[in-house]
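Geometric and topological summary
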Amino acid sequence: LFFRLYAINHIPDIFEGELSFFSAGGTSFDGMFLANKGARGPWAPLGLLYYLPIYITTSLYGATLTALRMSSTLVGVFTIPFMYMLGRRIGGKGMGLVAALLLALNFLHVGWGRTDIHPHGVTTWPSLLLCVLLLRAFDSRKAIDAFGADEGAGVLDAGEIEEVLDHELDRKSTRLNS
């Protein structure tokens, strides 16, 4: 947390501005939806998970450079417990702690968590959730869990994973019907 918050508004004291139109869209609730659709301006497939942290931090701290960077910082910090949960699910508490520690000290992740470009970590959340769903489907061997993982892969446009799960669901339904 220290490395992510230390001098967040001072080093470097510049505004990247790469996605400033979209960041501005995230400063109001209505603006999130308009910017996400590309209404009256450019469009990028960022999704509402991009705008929500910006909306929250600019509502709390105003439309400032610190607020934009704080959105990235909070997303980065909240990604660490998700990584712990995935690591714990795979290999127990020790694996969870190692996975969380590696992510917490990862220079790229810390750097992204200090920028005003956008909260990169938000894209990690659905990916980690999909991993948990896939592990659950694999462990349980239940069609409903495979269906949940399949739909999650479809939402994330993870085509290869979705094809494998569709094949498994088809195989199970054929076996049940014969």
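The shown structure was predicted, so the numbers you read here are calculated from the model rather than taken from an experiment.

1. Quick word on the pattern of salt bridges
Counted under the stated rule, the structure contains 1 salt bridge. Put simply, Arg 89 and Asp 139 hold a salt bridge, and the shortest N to O gap is 2.8 Å. With a gap of 50 residues between them, Arg 89 in helix α5 (residues 65-104) and Asp 139 in helix α7 (residues 124-140) connect regions that are remote in the sequence. Relative accessible area serves as the criterion here: at 34%, Arg 89 is assigned to the partly exposed category.

2. Examining the nonpolar core
Counting residues in each nonpolar core, the largest one holds 7 residues, listed as Ile 80, Met 83, Leu 86, Ala 99, Ala 100, Leu 103 and Leu 128. In terms of residue count, α5 provides more of this core than any other element does, 6 residues in total. Aside from chain neighbours lying at most four places away, what touches Ala 99 is Met 83 and Gly 87. Grouped together as the second largest cluster of nonpolar side chains are 6 residues, Met 32, Tyr 50, Ile 54 and Leu 68 included.

3. Some points on the packing of helix α3 (residues 29-37) against helix α4 (residues 48-61)
The interhelical angle for the contact between α3 and α4, taken along N-to-C directions, is 155 degrees, at an axis separation of 10 Å. Classified by the angle their axes make, α3 and α4 are roughly antiparallel. By crossing handedness, the relation of α3 to α4 is classed as right-handed. Seen from α3, the contacting residues are Phe 29, Met 32, Phe 33, Ala 35 and Asn 36; seen from α4, they are Leu 48, Tyr 51, Leu 52 and Tyr 55. Split by residue class, the contact of α3 with α4 holds 8 nonpolar, 1 polar and no charged.

4. Description of the confidence of the model for the protein chain
Considering every residue of the protein chain, the mean pLDDT works out to 75; 67% of them sit at 70 or more. The secondary-structure element of the protein chain with the lowest mean pLDDT is helix α9 (residues 159-177), recorded at 60, while α5 shows the highest, at 89.

5. Concerning the packing of α4 against α5
Their axes nearest at 8 Å, the elements α4 and α5 cross at an angle of 130 degrees. The orientation of α4 relative to α5 falls into the category oblique. When the axes of α4 and α5 are compared, the crossing they make is right-handed. The segment α4 lies against α5, with Pro 53, Ile 54, Thr 57, Thr 58 and Tyr 61 engaging Ala 67, Leu 68, Met 70, Ser 71, Leu 74 and Val 75. Residues belonging to the contact of α4 with α5 are distributed by class as follows: 8 nonpolar, 3 polar and no charged.

Rules of the game
- Residues numbered from 1 in each chain as written.
- Predicted model: local features only at pLDDT ≥ 70, side-chain atom pairs only at ≥ 80, totals over all residues.
- Heavy atoms only, no water.
- Salt bridge = Lys/Arg side-chain N within 4 Å of Asp/Glu carboxyl O.
- Helix = DSSP H or I, 4+ residues; strand = E, 2+ residues; numbered from the N terminus.
- Buried < 20%, exposed > 50% of the residue type's maximum accessible area, 1.4 Å probe, protein only.
- Core = buried A, V, L, I, M, F, W, Y, C linked by side-chain atoms within 4.5 Å.
- Contact = heavy atoms within 4.5 Å.
- Axes fitted to C-alpha atoms, helices over the stretch in contact; angles between N-to-C directions.
- Parallel < 35°, antiparallel > 145°, perpendicular 65-115°, else oblique.
- Left-handed = near helix turned anticlockwise from the far one by under 90°.
- Nonpolar A, V, L, I, M, F, W, Y, C, P; charged D, E, K, R; others polar.
- pLDDT = per-residue confidence, 0-100.

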